[in-house]
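Breakdown of the fold
Okay, here's what each chain looks like letter by letter:
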Amino acid sequence: MEDLIVAFLRSGTPIVYVALAGVIAQRAGVWNLGLEGLMIVGACATIVTIRLTGSLPLALAVAVLLCCALSALLWFVVEILKANQIIAGLGITGLGLGGTALALTAIFGSEAAVNAPFGLPRIGPAFGAFGGLSVLVALMPVLVFGTWLVLCRTRFGLRLSACGEHPFAARAIGVSPTLMRLWALLLGAPFCALAGAELAAGSLQMFSVNMTSGRGFMGFAAVIFGAGHPVGAALAAFFFAFAGALGIRAQLLYGDRVPSALLLALPYLATVAGLWLSARLGRRSTASGPNELGRL
Amino acid sequence: MAGPQPAGASAPALDAGNVTVRYGSFTALEGVSARFEPGLIHAIVGQNGAGKTTFARVAAGLVAPAQGDVLIFGEKVPPGDVLSARAAGVELVHQSFALPPSFTVAEVLQFVSPRRGIFSRKAIERHWQSWLNDIGIDLKADARIQDLPVESQQSAEIARAMVSDARLLILDEPTAVLAPEGIERLFARVRGLKARGVTVFLVLHKIREVLAVADTVTVLRGGRLVTGPVATVGLEPSALSGLIIGDSAGTIDAADRAALTGEGETTHASSTPPARRPGWAGALRIRRATVPGGPYGHGLHGVDLDVDEAEIVGIAGVEGNGQRDLVAAIAGLAPLTAGEIEIGAQRFARQGLAARRKAGLRIIPFERNVEGLSLTSSLWENWCAARLVGRSLFSPAGPRALRRDADAAFQAWDVRYRSPDQPAGSLSGGNAQKVILAREIDAEARLIVAAQPTRGLDIGATAAVWNALRGARDRGAGVLIISSDLDELFDICDKVVVLASGRSVGSFTPPYDIRAVGDAMIAAGGHGQEDLAP
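1. With respect to the overall build of chain A
Secondary structure summary: chain A contains twelve helices and two strands in total. Walking chain A from its N terminus toward its C terminus, one meets helices and strands in the order α-α-α-α-β-α-α-α-α-β-α-α-α-α. Taken over the C-alpha trace, chain A has a radius of gyration of 19 Å; the compact-globule value for 296 residues is 19 Å, and the two agree within 12%. If one aligns the C-alpha atoms of chain A with their principal axes, the spans along those axes are about 60 × 45 × 35 Å. Total accessible area on chain A stands at roughly 12,000 Å², and carbon and sulfur atoms take up 71% of it. Counting 17 positive and 9 negative side-chain charges, chain A places the centres of these two groups 10 Å from one another.

Below you can see the structure in the form of C-alpha cells.
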C-alpha cells in the first residue's frame, strides 16, 4: 500500500506543477497548450546543466530562465502578433520536444538518454518509505495553497481573473489584459520548470527524448477538469496520476492476461473520462474557461 | 465621499477642447469643444452613432482622441490613460456592464479598490457590505454578478465607480436596460450623488428623461457638437427633438418623431390596422408554452400569445426576461417541454425552421451581425439563403438569376451598396438591416418576428424599419416585435404584451399608459426591489 502511495505521489507531482502553470494562464485568458514543451525544456535543462556544471541551483535557474523565455515567446506570438492561441501553444510544445532532442545531439553527439550524477534532494530516511521522494513533492501542497491564495485571495488574482473572464472590465479600470497575460505566463514558467525538474531529477536523475510523454497535456486536462481552480486542478492531476499508478500496478498483476498496451493507456483513458465527466457535470463558466478565453 | 476639492471648485468638471476621434477611416467625433460646470447633472443626447459613447470614453481615458485635449477639474489628463483619468476622479459606468460575471460584489469592489494584500472572503464581504450600506446602495456583498438582475448589476457598476471617490461620474445609456420604475430610482440616486457634490454625466436618448433629471443638455449629431451645454429649464421638447434629428430625416411623421426621441409621456399607435378579412385564422397562436431556463435566461413558463393577421404585437419587458427563449421557441430552435405553437393555423411541435418558414414564418433576429447575416458572404448570397432553405439538395440554383433578383430587391428596399458581390460586413448597421428586411419581408410572409429590429440604428434607418413592418402588416402579415424601447412599441404596435421572468403578465392596447406597462414589467418579481434588499 505504501508503495502505491509513493508511486502515486511521484507520478502526480509533476502533473500538479504543470497544471498550476496552466491554471494561472487560463485565469488570465490563455489556453496554454505549450505546457508540454515547457515541461520537457525544464527537464532537459535541469539534467544537462547538472551533468555539465555539477550545480543543482544553477540547473534550476537555467530551467526557470529557459521556461520564462519560451513563455515570453508564446506571449509575444499570441498577444502581440495576435496568433491563434492553440496553434501557438502547440508550436511551443513542438519547439520544446524538438529543441531538447536537438540540444542532446548538439551537446552529447547522440539522442541517447543522459544521466546526471545526482538529482533533487530527498526528504530523507526519517520518513520511512516516503524518504525517497524529492523535496518538490513535499513543497507541492505549499505551492498549491500559495497559488490559491494569490489567485483567489488577492487583488492581483482578481485582476488576473478579470483579464480572462471579461478583459473589458480590466481595461475599464486601467489594467492592461495584454500585460497581465505576460505576468501570468511568466508566473507559470517556474512551475513548468519545476515540473520538468521533478520528472527528470526527482527520482530518476536522467533525461531522455520525449520523456514527458503527454504529462503536460494531462496537466492541461487537469486545468479543465479542475474548473480552473488551483486545488481542483491539483486534485484532477492526482486523479490522472492515480490512474497511471494503477495502470503500472495492473501491469504487474495482470500483465500476462490483459494486453499491456491497454493498461498503459489507462491514464489517458482516465483523462478522457475525466473531461467527459466535467462536461457532464456542467460546471458553469469556468469548466469551459473564462468567457473571453482564446478569443483574440 | 469627497466633494469637489476647493482648488478645483471653480474649474469646469470637464473641459473638452476640439476633440476628434477616428476609428480607422470613420470619424466618430469631430472637433467637439464643450465645458461642463461642476456639481451639476449634465445630459448628453443624440441619435445612435452620434458619438455619445465615444465622448464618454474619451472623458474616461478609454479612447485616445486623434487630436484635442481633455481637462478634468482644470487638470490636463494624458489622452487614452484610464489610470490618470481615474486618479483625476472620472469613473465611467458602461452601457453593457463591465463586471466579470463570476465575481461576487465584494470581489468586484476589491478588484477596483486600492486595497492590497491577502484577504479573506468574509473580511472583504463585511468591509464592502458596510461600505455599501454607508453610501446607500442596496446590494448584497456576497451576491454573484451573474445572479443579479440587470438593475442590481447597474447598481454594482455604480458602486464600483464610487469606490475610488469619483468626482465626475459618467453613466453611458443607463436607462436603456431599466424598467420605468427602475429609471426613477436611478434618477433619485443620481440626484443624491449631485447633493454629495458629484458631477454626473448621463448619456441618454430620450428627451423625457433629460428634462426629468438633467440640469444641462448637450446634443451631438454625426460626431459633431450641435449645441450645449444649455440649461434644460424652459427648454421645449420639440425644439430639442429637432436638434437631435436634424434635417437629415425630414420625412418622418410627428408621432414617429416623438417616439424616436422620447418626447411625450404617452404615445399612440400612429395608424389603424385594416379590418379583419374572412378566412384569417391567426398568424401566431401560442398556448401555455414552456421552455426550460438556461444559462442565458428565464425560459418560458406557460406563455399565451396571439398575433392576428394584419396586426403588430409588441413584446415589452426588461431584457433577459425570456424574450430570446420566446423567439427560439417560435423558430423551433428551443423545443417546448409543454404547450403548443401554431403558425398560420398550422401546429408545430418538432418541425424545424425550414417547415416553419414554409408556413410563412420570417425572422429578423436579435443579433444582426451574427444570426442575421454572414458578414463574410456576399450580399446576394445573404439575400438568397432564405429561398434556398427547404429546397432539395440537388435542386438547381442559378447564381446569375439569384444575383439579379437580389439586386432588384435591394433597389426596392433602398439599400445603399456598391455591388451585390460586396461582403455584408462592409455595410452600415442600417443598410445591413435593410438587407435582412429585403430577405425576410416578402409576399408569402404570414408571421414576421422582429427581435430588436432597430437597435443601434440611426433615426432615418429606424423609421425605415418601422415603415417596412407597418407595410407588411397592411398587406396582411402578423408582426411580432420584441423591443426594450417602450416608445418604439407604443408608436407602432396594435397590442403590447409584457413578458416578465418568462411569463406573459399583461396585455395592453392603445392608448398606452407607460406606468401600467412599467408596473407589469416588474410585477412578476424578477426585478423587484425585494430581490435586492440585504
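2. Concerning the pattern of salt bridges
Residue and element names in this part refer to chain B. Inspection of every chain in the model, using the stated rule, returns 29 salt bridges over all chains. Between Arg-121 and Glu-107 there is a salt bridge, and its shortest N-O distance comes to 3.0 Å. Of this pair, Arg-121 sits in helix H4 (residues 121–135) while Glu-107 sits in helix H3 (residues 105–112), and the two are 14 residues apart along the sequence. One network of salt bridges, with partners in common, ties together Arg-86, Glu-91, Glu-157 and Arg-160.

3. Some details on the interface of chain B and chain A
Contacts between the two partners involve 30 residues from chain B and, on the opposite side, 21 residues from chain A. A combined buried area of about 2,200 Å² lies between chain B and chain A, and 60% of that area is made up of carbon and sulfur atoms. On the chain B side of the interface with chain A, the three residues burying the most area are Leu-62, Phe-111 and Phe-119 of chain B, jointly 27% of the side's total. Remark: the boundary between chain B and chain A carries five residue pairs in polar contact (both at pLDDT 80 or more). Only helix H2 (82–87) and H3 of chain B provide two or more residues apiece to the side of chain B that touches chain A.

4. Overview of helix H5 (residues 135–153) of chain A
The terminal C-alpha atoms of H5 of chain A lie 26 Å apart, and with 19 residues this matches the ideal 27 Å at 1.5 Å per residue to within 8%. By the largest-angle criterion, Pro-141 of chain A marks the main kink of H5 of chain A, which is about 30°. When we look at burial in H5 of chain A, the residues that qualify are Leu-136, Val-137, Met-140, Val-144, Thr-147, Leu-149, Leu-151, Cys-152 and Arg-153 of chain A. Tucked inside the fold, the buried residues of H5 of chain A contact helix H1 (2–28), helix H6 (155–165), helix H8 (177–201) and helix H10 (230–254) of chain A together with H4 of chain B. At the N-terminal end of H5 of chain A, a side-chain oxygen is found 3.1 Å from the backbone nitrogen of Leu-136 of chain A, two or three residues along, and the residue is Ser-134 of chain A.

5. Some thoughts on the sheet that holds strand E10 (residues 224–231) of chain B
Residues and elements named next belong to chain B. Spatial strand order, E6-E7-E8-E3-E9-E10: six strands in an open sheet with mixed pairing. Strand pairing shows two members of the sheet lacking a second neighbour, strand E6 (90–93) and E10, which therefore form its edges. The sheet shows a mean angle of 15° between the axes of neighbouring strands, direction not considered. The sheet contact formed by strand E9 (residues 216–221) and E10 spans five bridges and is antiparallel. Bridging from a neighbouring strand, Arg-221 pairs with Arg-224 of E10. Taken strand by strand, helix H6 (residues 180–195) contacts strand E3 (41–45), strand E7 (168–172) and strand E8 (199–204), and its axis lies near 150° from that of E8. Running at roughly 30° to E9, helix H8 (residues 237–245) makes contact with E3, E9 and E10 of the sheet.

6. Describing H6 of chain A
The element H6 of chain A is largely enclosed, with a buried count of ten among its eleven residues. Along H6 of chain A, the positions that sit buried rather than exposed are Arg-155, Gly-157, Leu-158, Arg-159, Leu-160, Ser-161, Ala-162, Cys-163, Gly-164 and Glu-165 of chain A.

7. Quick word on the confidence of the model for chain A
Within chain A, residue pLDDT values average 88, and 95% of them lie at 70 or more. Scored below 50 in pLDDT, residues 283–289 of chain A shows 15 contacts in the model against residues more than four places distant or in partner chains.

8. A word on the nonpolar core
Residues and elements named next belong to chain B. Counting 232 residues, the largest nonpolar core has Phe-55 and Leu-469 as its most contacted members. In contact with Leu-469, other than residues within four places in its own chain, are Ile-312, Ile-364, Ile-441, Ile-448, Ala-450, Pro-453, Val-479, Ile-481 and Ile-492. Ile-286, Leu-300, Ile-341 and Leu-361 belong to the second-largest nonpolar core, a separate cluster that totals 32 residues.

9. Observations regarding unusual backbone geometry
All names here are of chain B. In this chain, Pro-510 is followed by Pro-511 through a cis amide linkage whose omega measures -5°. In this model, Asn-18 sits at a positive phi of 55°, which is unusual for a non-glycine residue. Among the structural elements, Asn-18 can be located in strand E1 (residues 14–23). Residue class for Asn-18 comes out partly exposed when judged on its relative accessible area of 40%. A positive phi is found at Phe-73, a non-glycine position, where the angle reads about 45°. Tracing the backbone through its elements, the reader meets Phe-73 in the loop between strand E4 (67–72) and strand E5 (75–76). Of the residues examined, Phe-73 reaches a relative accessible area of 7% and is grouped as buried.

10. With respect to empty space enclosed by the protein
All chains considered together, the criterion is met by three cavities of 30 Å³ or more. Looking at the largest cavity, its volume works out to about 60 Å³. Ala-172 of chain A together with Ala-60, Leu-62, Val-82, Arg-86, Val-90, Glu-91, Leu-92 and His-94 of chain B together form the lining of the largest cavity. Among the secondary structure elements, those contributing two or more residues to the lining of the largest cavity are H2 and E6 of chain B. Ranked by residues supplied to the lining of the largest cavity, first place goes to E6 of chain B with three residues. A per-class count over the lining of the largest cavity returns six nonpolar, one polar and two charged.

11. What about the packing of aromatic side chains?
By the definition in use, this model includes 13 aromatic pairs over all chains. Ring geometry for Phe-225 of chain A and Phe-239 of chain A: centres 5.7 Å apart, planes at 65°, overall edge-to-face. Here Phe-239 of chain A lies in helix H10 and Phe-225 of chain A lies in helix H9 (residues 215–225), a separation of 14 residues in the sequence. Residue classification places Phe-225 of chain A among the buried residues on the basis of a relative accessible area of 13%. Judged by relative accessible area, which is 37%, Phe-239 of chain A ranks as partly exposed. Taken together, a centroid distance of 5.8 Å and an interplanar angle of 80° make the contact between Phe-103 of chain B and Phe-111 of chain B edge-to-face. Phe-111 of chain B matches Phe-103 of chain B in its accessibility class, with the two residues each being buried. Just above the ring of Phe-73 of chain B sits the side chain of Arg-167 of chain B; from NZ or CZ to the centre is 4.0 Å. The side chain of Arg-324 of chain B reaches across the aromatic face of Phe-366 of chain B, ending 4.4 Å from its centre.

What counts and how
Residues numbered from 1 in each chain as written. Chains lettered and ligands numbered in written order. Predicted model: local features only at pLDDT ≥ 70, side-chain atom pairs only at ≥ 80, totals over all residues. Heavy atoms only, no water. Helix = DSSP H or I, 4+ residues; strand = E, 2+ residues; numbered from the N terminus. Rg over C-alpha atoms; globule rule 2.2 N^0.38 Å. Areas by Shrake-Rupley, 256 points an atom, 1.4 Å probe, with all protein chains shown as cover. Lys, Arg positive; Asp, Glu negative; His and termini not counted. Charge placed at Lys NZ, Arg CZ, Asp CG, Glu CD. Salt bridge = Lys/Arg side-chain N within 4 Å of Asp/Glu carboxyl O. Contact = heavy atoms within 4.5 Å. Buried area = accessible area lost by both parts, 1.4 Å probe. Polar contact = N/O pair within 3.5 Å; in protein donor to acceptor, adjacent residues only side chain to side chain. Expected span 1.5 Å × (residues − 1). Bend = angle between axes of the 7 residues up to and from the residue. Buried < 20%, exposed > 50% of the residue type's maximum accessible area, 1.4 Å probe, protein only. Pairing = 2+ DSSP bridges. Axes fitted to C-alpha atoms, helices over the stretch in contact; angles between N-to-C directions. pLDDT = per-residue confidence, 0-100. Core = buried A, V, L, I, M, F, W, Y, C linked by side-chain atoms within 4.5 Å. 1 Å grid on protein atoms, 1.4 Å probe; cavity = no way out; pocket = protein on both sides within 12 Å on 5 of 7 lines; lining within 4 Å. Points joined across faces, edges and corners; volume = space filled by probe spheres on them. Nonpolar A, V, L, I, M, F, W, Y, C, P; charged D, E, K, R; others polar. Phe/Tyr/Trp six-rings, centres within 6.5 Å; stacked < 30°, edge-to-face > 60°. Lys NZ or Arg CZ within 6 Å of the ring centre and 35° of its normal.

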